[in-house]
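Spelled out from the first residue to the last, the chains are:
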Amino acid sequence: MNHLVVTGGSGGLGQEIIHAFSAPQWEISAPSHAELDVTDPAAIRRFFTSRPVDLLVCAAGATRDGLLLDTVESTWDEVIAINYRGAADCAQAVLHRMIERGTGHIIFISSYSALHPPMGQAAYAAAKASLLGLTQSLARHAGSQGIRVNVILPGFLETGMTRAVSLKRKSEVLASHSLGRINTPAAVAGFIRFLHDSMPHTSGQTFQLDSRTP
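Here is what the cut-offs are and how they apply
- Residues numbered from 1 in each chain as written.
- Predicted model: local features only at pLDDT ≥ 70, side-chain atom pairs only at ≥ 80, totals over all residues.
- Heavy atoms only, no water.
- Helix = DSSP H or I, 4+ residues; strand = E, 2+ residues; numbered from the N terminus.
- Rg over C-alpha atoms; globule rule 2.2 N^0.38 Å.
- Buried < 20%, exposed > 50% of the residue type's maximum accessible area, 1.4 Å probe, protein only.
- Contact = heavy atoms within 4.5 Å.
- Areas by Shrake-Rupley, 256 points an atom, 1.4 Å probe, with all protein chains shown as cover.
- Lys, Arg positive; Asp, Glu negative; His and termini not counted.
- Charge placed at Lys NZ, Arg CZ, Asp CG, Glu CD.
- Phe/Tyr/Trp six-rings, centres within 6.5 Å; stacked < 30°, edge-to-face > 60°.
- Lys NZ or Arg CZ within 6 Å of the ring centre and 35° of its normal.
- Core = buried A, V, L, I, M, F, W, Y, C linked by side-chain atoms within 4.5 Å.

A.B. asks: Describe the overall build of the protein chain, naming the residues involved and giving the relevant values.
C.D. replies: Secondary structure assignment for the protein chain yields six helices and six strands. A compact globule built from 214 residues should have a C-alpha radius of gyration of about 17 Å, and the protein chain, at 17 Å, falls within 12% of that. Taken across its 214 residues, the protein chain has 47% of its residues classed as buried. Pairs at least 24 residues apart make up 75% of the contacts formed inside the protein chain by residues separated by at least 6 positions. Accessible surface, the protein chain as shown: approximately 10,500 Å² in total, 53% of it carbon and sulfur. Within the protein chain, one finds 17 positive and 17 negative side-chain charges whose respective centroids are separated by 4 Å.

Structure follows, in structure tokens:
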């Protein structure tokens, strides 16, 4: 039996990941916020204690857009806690047992904004960019122990997280895609399944999955 944990599993992407891995050989855990608050290190430790994890997908995320001059310290703390520190704490919580078993895979969900942030996403872009460096560091650290670490930039997705984005902004995003269409949660989830199952020699990589050009 393989064990998958998806943080942010109640979101649109999280639900598609669950669907992509729905098979008898997979036991899937997609905790709600009430079950796992990724901003609480103690809650993370409790959740992962004695829980086997073969694949961890850190998909929990939140935006709190605003110009840098208007972003207060509490907003910075919240965005970093959800998008970066929570992912790092979850990875830390599973890493020891993965190393003991000599196998495991951690996938972080970052954002196109990590590389090409729009105006007004200083905190979110900084948090998501931090996942790129974390991936490189962990891949080097744990690779000799058989642990893979990769990061995915799904691109703009039609999910609950982007529901508040204006039609004008959505049109701008669509116009920047060379194929004239945006990615889907189902396609991203399918890639995650392919990456885990069919690319066993791949680690430390950043995968940008849409067709957007800067």
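Structure shown, so let's carry the discussion forward.
A.B. asks: Requested: an account of the packing of aromatic side chains, with residues and values cited.
C.D. replies: In total, this model carries three aromatic pairs according to the counting rule given. Aromatic side chains Phe 47 and Phe 48 sit 5.0 Å apart centroid to centroid with 85° between the ring planes, which places their arrangement in the edge-to-face category. Each member of the pair, Phe 47 together with Phe 48, is buried. The residue whose ring lies beneath Arg 51 is Phe 47, and the NZ or CZ to ring-centre distance is 3.8 Å. Its guanidinium or amino end placed over the ring of Tyr 112, Arg 212 lies 3.8 Å from that ring's centre, counting from NZ or CZ.

A.B. asks: Describe the nonpolar core, listing the residues and the values that go with them.
C.D. replies: Counting residues in hydrophobic clusters, the biggest one holds 30 residues, and the most contacted among them are Phe 48, Leu 56, Ile 106 and Phe 108. Mapped onto this core, the elements with two or more residues apiece are helix H2 (41-48), strand S3 (55-58), helix H3 (73-101), strand S4 (104-109), helix H4 (122-142) and strand S5 (147-153). A per-element tally of this core places H3 first, with seven residues. Setting aside anything within four residues of it in sequence, one finds Leu 56 in contact with Val 5, Thr 7, Phe 48, Cys 90, Ala 91, Val 94, Met 98, His 105, Ile 106 and Ile 107. Counting 20 residues, the second largest nonpolar core, distinct from the first, contains Ile 17, Ile 152, Val 188 and Phe 191.

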